[in-house]
Protein chains: 2
Amino acid sequence: MQDAEKRPYHHGDLRRTIIETAMDIMNEEKGWQFTLREVSRRAGVSHAAPYKHFPDKAALLNELALLGFDRLYEALVAAKPRQPNVIRDAFLAIAQAYLDFGKSNPALYRLMFSAEAGKAADVHLNERALAAFGVLIALLERGQSEGKLRNRDVRGQATACWAEMHGVTLLTIDGLLLPEKVGPNALDNALLTLLEGLEK
Amino acid sequence: MQDAEKRPYHHGDLRRTIIETAMDIMNEEKGWQFTLREVSRRAGVSHAAPYKHFPDKAALLNELALLGFDRLYEALVAAKPRQPNVIRDAFLAIAQAYLDFGKSNPALYRLMFSAEAGKAADVHLNERALAAFGVLIALLERGQSEGKLRNRDVRGQATACWAEMHGVTLLTIDGLLLPEKVGPNALDNALLTLLEGLEK
DNA sequence: ACCTGAACACCGTTCAAGT
DNA sequence: ACCTGAACACCGTTCAAGT
């Protein structure tokens, strides 16, 4: 990712390199509290160079969070239930995809929902985050029209699902859902409990 | 809280003052990224003084998080449902108390579940956090024995409730549950959806 | 147009020295 | 036993100067 010796003075694509390097660091450590100077070091540029591509560190974090919502949305729409026409399978596939995304990108997931990223205007409720919410809405509407799910306010149901998945993902990332504390199948059972609240 | 001029050299109760000052700062700003030097300044001591009471900043954060779990537990057991013998009322009262705690102490709540606090050993799954989880378990067991709730794995149900409340609380704190996006009663409806998954 | 080097104000942490 | 002052290594950010 960083072949600093090959570039004489101008990097060429420093902006992309900064983003990729930051993502790399987040994958290695499990937090997003990396240092801009460390990113610069790895990218083989001076610590002032990033400021030609981002106004400040918050802007970089902002960009990373937006990329995260992109990837989360893609992960959700890519979820392939075994029987797509079975609403329960579709729900569980999406829930699993959501959880897997968080487990695969813990630092990025935390950053996406951190207050730090939220400060910068439209990160949280951007169109990509709402698109992910829309995947949920669409599924629930389909389930209701098929007569499988209770006819309640869809946005309330979607909020319940989102909160549950958000909570489960964070608790898992933070290592709080230890089997010896909450039981071996607590996670699966938790999702089923919510599902039963959705189903008729 | 800080009358620096009254104390000549020795503070007397600096440890407590540091904790209280840190809590004050967290209440003012909505984050826990305060500076140890700022705490010292407010407390009217040198920036080296805190190191006589805490090994490092992480230890102070650790202590604050533990205090947070104490308060959360107390808030949950203090929840007074209108009709305590009605399991649904008891559930909603606890959920409301949990959410209210988070809304009243956003910075502290975030700190309690932050990876930063989690690093320090036993913060997350300490006896107080488990005590709060126990409040949930007890309620669900009562509901099952009364025949009001489905006879499923109690720890799975408790995990579902905890994740839902954790998710709802964080999404609320972060300002993501805007009425114009998720609907006016999405929050209440979300809790009812989960409740229907618990009830027979 | 893009990058560097030195500089500034700030942290967390340490430690000899003060009371 | 508790606190201070100076010191160290580190940040984020700025800016004149280099290519």
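Nothing here was measured: the structure is a model prediction, and the numbers come from that model.

What counts and what doesn't
Residues numbered from 1 in each chain as written. Chains lettered and ligands numbered in written order. Predicted model: local features only at pLDDT ≥ 70, side-chain atom pairs only at ≥ 80, totals over all residues. Heavy atoms only, no water. Domains from an automatic or database assignment. Contact = heavy atoms within 4.5 Å. Buried area = accessible area lost by both parts, 1.4 Å probe. Salt bridge = Lys/Arg side-chain N within 4 Å of Asp/Glu carboxyl O. Polar contact = N/O pair within 3.5 Å; in protein donor to acceptor, adjacent residues only side chain to side chain. Helix = DSSP H or I, 4+ residues; strand = E, 2+ residues; numbered from the N terminus. Least-squares fit on C-alpha atoms with pLDDT ≥ 70 in both. Buried < 20%, exposed > 50% of the residue type's maximum accessible area, 1.4 Å probe, protein only. 1 Å grid on protein atoms, 1.4 Å probe; cavity = no way out; pocket = protein on both sides within 12 Å on 5 of 7 lines; lining within 4 Å. Points joined across faces, edges and corners; volume = space filled by probe spheres on them. Nonpolar A, V, L, I, M, F, W, Y, C, P; charged D, E, K, R; others polar. Axes fitted to C-alpha atoms, helices over the stretch in contact; angles between N-to-C directions. Parallel < 35°, antiparallel > 145°, perpendicular 65-115°, else oblique. Near = heavy atom within 4 Å.

## A closer look at the domain arrangement of chain A
How big an interface is tends to be expressed through the accessible area that disappears when the partners come together. Residue and element names in this part refer to chain A. Annotation of chain A at the domain level lists domain 1 (1-54) and domain 2 (56-198). Spacing between the C-alpha centres of domain 1 and domain 2 amounts to 30 Å. Taken together, the 16 residues of domain 1 in the interface contact 18 residues of domain 2. Where domain 1 abuts domain 2, roughly 1400 Å² becomes buried across the two surfaces, and 74% of that area is made up of carbon and sulfur atoms. Ionic pairing is found between R15 and E63, a salt bridge with its closest N-O pair at 2.9 Å. Taken together, domain 1 and domain 2 are joined by 4 residue pairs in polar contact (both at pLDDT 80 or more). The dominant element in the side of domain 1 that touches domain 2, judged by the number of residues it contributes, is helix α1 (residues 14-28), at 7 residues.

## Here's the deal with the relation of the copies chain A and chain B
Superposition record for chain A on chain B: RMSD 0.0 Å, screw rotation 180°, translation along axis 0.0 Å. Those values place the two copies in the arrangement expected of a two-fold rotation axis. Scanning chain A for the C-alpha nearest the rotation axis identifies G197 of chain A, at a separation of 1.7 Å. Most of the interface of chain A is mirrored in chain B: 100% of its interface residues are interface residues there too.

## Quick word on helix α2 (residues 36-43) of chain B
Residue and element names in this part refer to chain B. The complete set of buried residues in α2 reads L36, E38, V39, S40 and A43. Where the residues of α2 are buried, they touch α1 (14-28) and α3 (57-77). Two residues or fewer after α2 comes G44, characterised by a positive phi angle close to 75°.

## Focus on empty space enclosed by the protein
Following the criterion strictly, the structure yields 8 cavities of 30 Å³ or more and no others. The computed volume of the largest cavity comes to approximately 100 Å³. Looking at the largest cavity, it is lined by 13 residues, and the ones nearest its centre are Y98, A129, A132, F133 and W162 of chain B. For the lining of the largest cavity, the secondary structure elements donating two or more residues are α3, α4 (87-104), α7 (127-145) and α8 (154-173) of chain B. The biggest single contributor to the lining of the largest cavity is α7 of chain B, with 5 residues. Considered class by class, the residues forming the lining of the largest cavity number 13 nonpolar, no polar and no charged. The volume enclosed by the second largest cavity comes to roughly 80 Å³. Lining the second largest cavity we find F69, L72, L76, Y98, F113, A129, A132, F133, L136, W162 and M165 of chain A. The set of elements that each furnish at least two residues to the lining of the second largest cavity consists of α3 (57-77), α7 (127-145) and α8 (154-173) of chain A. With 4 residues, α7 of chain A is the largest single contributor of residues to the lining of the second largest cavity.

## Remarks on the packing of α8 of chain A against α8 of chain B
Relative orientation of the contacting elements α8 of chain A and α8 of chain B amounts to 100°, with a least axis distance of 7 Å. As the angle between them shows, α8 of chain A and α8 of chain B are arranged roughly perpendicular. Note on element contacts: α8 of chain B touches α8 of chain A through T159, A160, W162, A163, E164, H166, G167, V168, L170 and L171 of chain B, opposite T159, A160, W162, A163, E164, H166, G167, V168, L170 and L171 of chain A. In the contact of α8 of chain A with α8 of chain B, the residues fall into 12 nonpolar, 6 polar and 2 charged.

## Topic: the environment of L60 of chain B
All names here are of chain B. By secondary structure assignment, the location of L60 is in helix α3. Taking the C-alpha atoms as reference points, L60 and I19, 41 residues apart in sequence, are found 7.5 Å from one another. If we ignore the near neighbours within four places in the chain, the residues touching L60 are I18, I19, F34, L36 and F54.

## Some thoughts on the protein's contact with DNA strand D
Neighbouring DNA strand D are 23 residues; R37, R41 and Y51 of chain A together with S46 and H53 of chain B lie closest to it. Sugar and phosphate atoms constitute 55% of the interface atoms of DNA strand D, taking the interface as everything within 4 Å of the protein. Between DNA strand D and S46 of chain B there is a distance of 2.6 Å, counted from a phosphate oxygen to a backbone nitrogen or oxygen. Take H53 of chain B: an N or O atom from its side chain is 2.7 Å from a phosphate oxygen of DNA strand D. Tallying contributions element by element places helix α2 (residues 36-43) of chain A first for the surface near DNA strand D, with 3 residues.

## What to know about the side chain of T193 of chain B
Mapping T193 of chain B onto the fold places it in helix α10 (residues 186-198). Exposure remark for T193 of chain B: the relative accessible area of 2% places this residue in the buried category. Discounting chain neighbours no more than four positions away, the residues touching T193 of chain B are Q157, A160, L194, G197 and L198 of chain A.

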